[in-house]
Amino acid sequence: MTFQATLDFARQMDAQDSLRNFRDQYLFPQHQGHKCLYFCGNSLGLQPKKAGEFIKEELQHWQELG
């Protein structure tokens, strides 16, 4: 397949991406009610949706076990 700088080509490539479902596991920043594109390479990255669960679990262990 030859690269094309078109929206249709980008959508076709996205549809064929075997990793596309991983996107649903992350929280995306919102701007005016829409998900933002996230390109910051020197950060922790997008927050996994399960991060809060894991933190609460660790805090519970800390509370109970010291």
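So, how was this worked out
Residues numbered from 1 in each chain as written. Predicted model: local features only at pLDDT ≥ 70, side-chain atom pairs only at ≥ 80, totals over all residues. Heavy atoms only, no water. Helix = DSSP H or I, 4+ residues; strand = E, 2+ residues; numbered from the N terminus. Rg over C-alpha atoms; globule rule 2.2 N^0.38 Å. pLDDT = per-residue confidence, 0-100. Buried < 20%, exposed > 50% of the residue type's maximum accessible area, 1.4 Å probe, protein only. Polar contact = N/O pair within 3.5 Å; in protein donor to acceptor, adjacent residues only side chain to side chain.

> Describe the overall build of the chain, and please don't skip the residues or the numbers.
Broken down by element type, the chain carries 2 helices and 4 strands. In sequence order, the chain lays out its α and β elements as α-β-β-β-β-α. Taking 66 residues into account, the globule formula puts the C-alpha radius of gyration at 11 Å, and the chain, at 18 Å, lies well above it. With the C-alpha coordinates of the chain rotated into their principal frame, the extents come out at 60 × 30 × 25 Å.

> How would you summarise the confidence of the model for the chain if you had to cite specific residues and measurements?
Summing up the model confidence of the chain, the mean pLDDT is 92 and the portion of residues at 70 or higher is 100%. The weakest mean pLDDT in the chain belongs to strand β3 (residues 34-35) at 88; the strongest belongs to helix α2 (residues 51-65) at 97.

> Can you explain the environment of Thr6? Please cite residues and give values.
Among the secondary structure elements, Thr6 is positioned in the segment before α1 (7-16). Given the relative accessible area of 38%, Thr6 is considered partly exposed. Considered as a pair, Thr6 and Gly52 are 46 residues apart in the sequence and their alpha carbons are 38 Å apart. A distance of 3.1 Å separates the side chain of Thr6 from the backbone nitrogen of Phe9, its partner in a polar contact.

> Give a description of unusual backbone geometry that names residues and reports values.
Phi angles above zero are rare outside glycine, and Gln32 is one such case at about 55 degrees. The residue Gln32 is located in the loop between β2 (30-31) and β3 in this model. Here Gln32 falls in the exposed class, since its relative accessible area comes to 69%.

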